[in-house]
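Results of the structural survey
Residue-level listing of the chains:
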Amino acid sequence: MAAEQRPYLNTREDAAIRFLGLPTLMRSTGESTNGSFGLMEHWEMPPGFASPYHMHHLEDEAFYVLEGEMAFVCDGKWMKGGPGTYVFGPREIPHGFKVVGSSPARMLLLCAPAGFERFVLELSVPFNDFTPPDMAKLMAVAAKYKIDILGPLPE
C-alpha cells in the first residue's frame with residue numbers, strides 16, 4: 001500500500017543547519033513528498049562561494065536564484081543569472097555553481113527524486129557550528145549517495 005499523502009508546511013522558524021558552511025533550511029524531504037523531491041534553501045551564500053564540480057547518478061538537480069548573481073556550469077558550459085534565473089542540472093552531467101558579484105546570493109535547490117537531501121543532512125552541522133567542511137568526509141558520503149566529486153569548478 002502506498003504511503004498516505006499529507007499536506008506539509010514549514011516556515012522560516014524551522015531549525016536551520018549549515019551545509020558546506022552555508023546557512024540552509026531543508027524545505028522538504030522525501031518523507032514529506034512521498035519520495036518525489038527534496039527542496040532546500042541556501043539563504044546567505046557569500047560572494048565567491050563555489051560548489052565542487054560534481055555529478056549525480058540518482059537525481060536531477062534544479063536551481064532557482066532568489067537574490068544575488070550566480071554562475072552555473074553544466075557539462076563545461078557556463079551560464080550567469082540573477083534573481084528569477086532557473087537552471088536544470090540533469091543527472092549524469094557534471095555541474096556546479098558559484099556566487100559572482102559583490103553581494104551574497106539566496107537560492108532554492110531542488111533534487112528529484114528525493115534522496116540528495118539525506119546527503120545534505122548527513123554532512124550538515126548545527127547552525128552555530130562554523131567548522132570548515134571536512135573534504136575527506138564529503139568524498140566518502142558523496143560516494144555513498146552516488147555523487148561523483150570531480151574537483152574544483154572548471155574555468
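Model, not experiment: these values are computed from the prediction.

1. Considering the sheet that holds strand β2 (residues 22–28)
- Pairing is antiparallel across the open sheet formed by seven strands, whose spatial order is β8-β5-β10-β3-β2-β1-β11. Two strands lie at the open edges of the sheet, namely β8 (86–89) and β11 (125–126), each paired on one side alone.

2. With respect to the environment of Tyr53
- Within the secondary structure, Tyr53 sits in strand β4 (residues 53–56).
- Remark: the alpha-carbon pair of Tyr53 and Phe72, spanning 19 residues in sequence, is separated by 10 Å.
- Engagement of the side chain of Tyr53 in a polar contact is seen with the backbone nitrogen of Gly76, the distance being 3.0 Å.

3. A word on helix α2 (residues 135–144)
- Taken together, the buried positions of α2 are Leu138, Val141 and Ala142. Axial view of α2: buried residues confined to an arc of 105 degrees, hence all on one face. Residues of α2 that are exposed and point over 90 degrees away from its buried face: Ala136 and Lys144.
- Buried-residue contacts for α2 involve α1 (116–123) and β12 (147–151).
- The N-cap of α2, judged by a side-chain oxygen 3.1 Å from the amide nitrogen of Ala136 a few residues on, is Asp134.
- Taken from the residues just after α2, Lys146 is the one with a positive phi, measuring 60 degrees.

4. Some thoughts on the nonpolar core
- Ranked by internal contacts, the top residues of the largest apolar core, which has 27 residues, are Met45, Met70, Phe72, Phe97, Met107, Phe116 and Phe119.
- Setting aside anything within four residues of it in sequence, one finds Met107 in contact with Met40, Glu41, His42, Met45, Phe63, Tyr64, Val65, Leu66, Met70, Phe72 and Phe97.

Conventions and cut-offs
Residues numbered from 1 in each chain as written. Predicted model: local features only at pLDDT ≥ 70, side-chain atom pairs only at ≥ 80, totals over all residues. Heavy atoms only, no water. Pairing = 2+ DSSP bridges. Helix = DSSP H or I, 4+ residues; strand = E, 2+ residues; numbered from the N terminus. Polar contact = N/O pair within 3.5 Å; in protein donor to acceptor, adjacent residues only side chain to side chain. Buried < 20%, exposed > 50% of the residue type's maximum accessible area, 1.4 Å probe, protein only. Arc of directions from axis to C-beta. Contact = heavy atoms within 4.5 Å. Core = buried A, V, L, I, M, F, W, Y, C linked by side-chain atoms within 4.5 Å.

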